Amino acid sequence: MDDFPARVLLTLRRFIGTPLPGTDYYIRAAHRTGSDRFRVHLASSTVDPLLVDLPERWPDGQQIGDWWYVGALRHVAQRALAEDLSHTRSDEGLRVVDIAGLEAAGLLTRKSEVTAQDALDYVIADLVGDLLWHGAAASAAPGLYHLVGFNLRTPAVLRVYPTCDYGTVGVDVALYDDDTRQLRNVGWWASAKLMAVLNPDDRETLPAHRVDEAADPLCDAVYDLPGWA
């Protein structure tokens, strides 16, 4: 079954009620317009609406990653406010922008853009077993843990609170890659790291990272894993 429409909807859903950063545009409608194309209707209370066409593949046949659309829509919305977009018109007279055309004109890079907010949103979605990543609900590994909270302690370190065999623990993970010093790409599978350290057959890895002097009223113990996870 073709899951392209579902993947696009799940990826872009947070902008249904929240404007794209730096703009007044939010997603009012989104639907399939062909066998490999999706149209997003961006609406605003202050400027004219905008239709954005999202192809599933580039002209050379390369698959477009879902998360690329997030950054691309941000740039399209910002350019639209500055009236810096070439466009056609729909039958209803609305502006229509083709994202593939912008990329071909050199106005958009094919590299996915990840912000700190994207990274945080992704990690939480991953750990709770979001449909976008797992096709399940409540937890990525319901027999192992359930996520009950999170706290972005610094721009680079996120503390997540899973309830597991150890009780409710605070596990610090890094949002930045140690080697590149850049935000981790969306898709680095935080859940896989958490499942590894909570593995009931491994009673050494997690305890080795316990921070005995840490006091956090939200959990029974704190484990420092930015360098490991």
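As a reminder, the structure under discussion sits directly above these lines.
We now turn to the structure provided with this report.

### Focus on the side chain of D66
Secondary-structure assignment places D66 in the loop between β3 (50-55) and α2 (68-81). Overall, D66 belongs to the buried group, its relative accessible area being 18%. Beyond its immediate sequence surroundings of up to four residues, D66 is in contact with R7 and T11.

### Focus on the packing of aromatic side chains
Throughout the structure, instances matching the rule amount to three aromatic pairs. Centroid distance W58 to W68: 4.9 Å. Interplanar angle 85 degrees. Geometry classified as edge-to-face. One end of the pair, W58, is in the loop between β3 and α2; the other, W68, is in helix α2, with 10 residues separating them in the sequence. We classify W58 as buried; its relative accessible area is 5%. With a relative accessible area of 3%, W68 lands in the buried category. Judged by centre distance (6.5 Å) and plane angle (65 degrees), the ring pair of Y166 and Y223 falls under edge-to-face.

### Topic: the environment of A141
Secondary-structure assignment places A141 in the loop between α4 (116-127) and β6 (146-152). Taking the C-alpha atoms as reference, A141 lies 8.4 Å from L127; in sequence the two are 14 residues apart.

### Here's the deal with the sheet that holds strand β4 (residues 88-89)
The strand order β1-β2-β3-β5-β4 describes an open sheet built from five strands, whose pairing is mixed. The strands lining the two open edges of the sheet, one partner per strand, are β1 (26-34) and β4. The pairing of β1 with strand β2 (residues 37-43) spans seven bridges and is antiparallel. What sits directly across from Y26, in β2, is A43. Across the sheet, α2 touches β2, β3 and β5 (95-98), and the angle it forms with β3 is around 150 degrees.

### Some remarks on the packing of helix α1 (residues 4-12) against α2
Two quantities define a packed helix pair, namely the angle between the axes and the distance from one axis to the other. Across the interface, α1 lies against α2 with an axial gap of 9 Å and an inter-helix angle of 60 degrees. Taken as axis vectors, α1 and α2 run oblique relative to one another. Relative to α2, the crossing made by α1 is right-handed. Residues F4, V8, T11 and L12 of α1 form the contact with α2, whose own contacting residues are Y69, V70 and L73.

### A short note on the pattern of salt bridges
Enumeration according to the criterion identifies 10 salt bridges in this entry. With a shortest N-O distance of 2.8 Å, R39 and D53 are connected by a salt bridge. With R39 in strand β2 and D53 in strand β3, the pair connects residues that are 14 residues apart, well separated along the chain. By relative accessible area, which is 9% here, D53 ends up buried.

### Let's talk about helix α5 (residues 190-197)
When α5 is considered as a whole, its buried residues turn out to be A190, S191, L194 and V197. Down the axis of α5, the buried set is contained in an arc of 130 degrees. They therefore lie on one face.

### Quick word on the environment of S112
Looking at the secondary structure, you find S112 in the loop between α3 (99-104) and α4. Taking the C-alpha atoms as reference points, S112 and R57, separated by 55 residues in sequence, lie 14 Å from one another. When neighbours within four sequence positions are excluded, S112 is seen to be in contact with W67 and W68.

Calculation criteria
- For every chain, the first residue of its written sequence is number 1, and the numbers climb from 1 along that sequence.
- The predicted nature of this model means local features are confined to residues of pLDDT at least 70 and side-chain atom pairs, given and counted, to a pLDDT of 80 or more, with totals for whole chains, interfaces and linings taken over all residues.
- Heavy atoms from the whole structure form the basis of all side-chain values; hydrogens and water molecules are not counted.
- Only DSSP runs of H or I with at least four residues qualify as helices, and only runs of E with at least two residues qualify as strands; both kinds are numbered from the N terminus onward.
- Note on exposure labels: buried denotes an accessible area under 20% of the residue type's maximum, exposed denotes more than 50%, and partly exposed covers the range between, all computed with a 1.4 Å probe on protein chains only.
- Contacts are residue-level and defined by heavy atoms, with any inter-residue pair within 4.5 Å sufficient.
- Only centres within 6.5 Å qualify two rings of Phe, Tyr or Trp (six-membered ring in Trp) as a pair; their planes then separate them into stacked at under 30 degrees, edge-to-face at over 60, and tilted for everything else.
- Only when DSSP finds a minimum of two bridges between them are two strands counted as paired.
- Axes here mean lines fitted to C-alpha atoms, for a helix over just the part in contact, with angles spanning 0 to 180 degrees between N-to-C directions.
- For classification, angles of less than 35 degrees are called roughly parallel, those exceeding 145 degrees roughly antiparallel, those between 65 and 115 degrees roughly perpendicular, and all remaining angles oblique.
- Crossing chirality is assigned from the near helix's rotation relative to the far helix, an anticlockwise turn below a right angle marking it left-handed and a clockwise turn marking it right-handed.
- By convention in these notes, a salt bridge is any Lys or Arg side-chain nitrogen within 4 Å of a carboxyl oxygen on Asp or Glu.
- Working note: the arc is built from the helix axis to C-beta atom directions.

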